[in-house]
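If you want the building blocks of each chain, they are given just below.
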Amino acid sequence: MKKVIVAACMLGALLVALIVKADDAASDAKQAAKKEAQVKLGEHLVKVIGCGDCHSPKRMGPNGPEEDMSRYLSGHPADAGAPAAPKLSDPWAGAFTGDGTAYAGPWGVSFTRNLTPDKETGLGNWTEQNFIDTIRSGRELGKGRELLPPMPWPYFSNMSDDELKAIYAFLQSIPAVRNPVPEPLPPPAPPAAAPTQ
């Protein structure tokens with residue numbers, strides 16, 4: 001009789017363990033589906049707001065410039081260097097490089113950031129909150145250097161937290177690309193005023 005009771009207890013414990021494991025698996029599947037939906041929303045938003053227009057290097061295709069998907073969202077190519085601003089005259093207030101990753105204007109020259117999850121040169125060490133703070137404040141990590149034109153952060157700052165979290169989740173899901181983007185260049189010094197006599 002003791003053997004039957006012991007066997008029944010062991011069987012009961014095994015059934016409880018299987019039920020708990022099945023429940024954990026269902027919970028894990030729900031979490032994975034939720035994360036996948038978040039990443040898909042982020043991918044959609046990144047495409048709709050045109051992040052690749054500025055943050056992806058271009059190559060010439062049969063119909064003109066197209067995003068180089070091997071360097072998708074990796075910012076201004078390090079191998080392109082940091083070109084100086086061209087001389088602008090009225091009515092021109094700005095210019096950009098042919099691949100659309102460097103911009104010049106009264107602010108100087110800005111180079112689009114590497115948005116891939118590379119830990120050294122991209123957003124790999126950023127937290128979700130770092131990303132949200134950057135977009136909300138217009139400052140790197142929410143407190144650093146100002147984001148420069150043409151980054152339309154004032155518009156993007158109106159996105160919901162869920163939308164920004166989805167964009168962050170998508171950016172963390174793409175392949176990391178090592179690409180150290182140059183620091184911005186300051187505007188040229190204004191011409192010296194002519195001495196007055």
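Here the structure is shown first, and the text comes after it.
Note that this is a predicted model, so its numbers are computed, not measured.

This paragraph deals with the overall build of the protein. A tally of regular secondary structure across the protein gives five helices and five strands. Counting from the amino terminus, helix and strand elements in the protein follow one another as α-α-β-β-β-β-β-α-α-α. Counting every position in the protein, which comprises 197 residues, the buried fraction comes to 31%. Within the protein, residue pairs in contact and separated by at least 24 positions form 59% of the contacts whose partners lie at least 6 positions apart. When the accessible surface of the protein is split by element, carbon and sulfur atoms take 61% of a total near 12,800 Å².

The next subject is the packing of helix α3 (residues 128-137) against helix α5 (residues 161-173). Running from N to C, α3 and α5 cross one another at 120 degrees; their axes reach a closest spacing of 10 Å. By the criterion of interaxial angle, the relationship of α3 to α5 is oblique. In this structure, α3 crosses over α5, and the sense of that crossing is right-handed. Residue-level contacts link Glu 128, Phe 131, Ile 132, Ile 135 and Arg 136 of α3 to Asp 161, Leu 164, Lys 165, Ile 167, Tyr 168 and Leu 171 of α5. Tallied by class, the residues present in the contact of α3 with α5 amount to seven nonpolar, no polar and four charged.

Attention now goes to the packing of aromatic side chains. Taken as a whole and judged by the stated rule, the model has two aromatic pairs. Taking 5.9 Å as the distance between ring centres and 35 degrees as the angle between the ring planes, the aromatic pair formed by Phe 96 and Tyr 103 counts as tilted. Since its relative accessible area comes to 60%, Phe 96 is described here as exposed. Ring geometry for Phe 131 against Tyr 168: centres 6.0 Å apart, planes inclined by 45 degrees, an arrangement best described as tilted. With Phe 131 in helix α3 and Tyr 168 in helix α5, this pair connects stretches of sequence that are 37 residues apart.

Here Asp 68 lies in the loop between β2 (64-67) and β3 (95-96). When its relative accessible area of 8% is taken as the criterion, Asp 68 is described as buried. In terms of polar contacts, Asp 68 uses its side chain to reach the side chain of Ser 70, at 2.6 Å. Other than its neighbours up to four places away in sequence, Asp 68 contacts Pro 57, Lys 58 and Arg 59.

Rules used throughout
Residues numbered from 1 in each chain as written. Predicted model: local features only at pLDDT ≥ 70, side-chain atom pairs only at ≥ 80, totals over all residues. Heavy atoms only, no water. Helix = DSSP H or I, 4+ residues; strand = E, 2+ residues; numbered from the N terminus. Buried < 20%, exposed > 50% of the residue type's maximum accessible area, 1.4 Å probe, protein only. Contact = heavy atoms within 4.5 Å. Areas by Shrake-Rupley, 256 points an atom, 1.4 Å probe, with all protein chains shown as cover. Axes fitted to C-alpha atoms, helices over the stretch in contact; angles between N-to-C directions. Parallel < 35°, antiparallel > 145°, perpendicular 65-115°, else oblique. Left-handed = near helix turned anticlockwise from the far one by under 90°. Nonpolar A, V, L, I, M, F, W, Y, C, P; charged D, E, K, R; others polar. Phe/Tyr/Trp six-rings, centres within 6.5 Å; stacked < 30°, edge-to-face > 60°. Polar contact = N/O pair within 3.5 Å; in protein donor to acceptor, adjacent residues only side chain to side chain.

Keep in mind that these numbers describe shape and distance, not what the molecule does.
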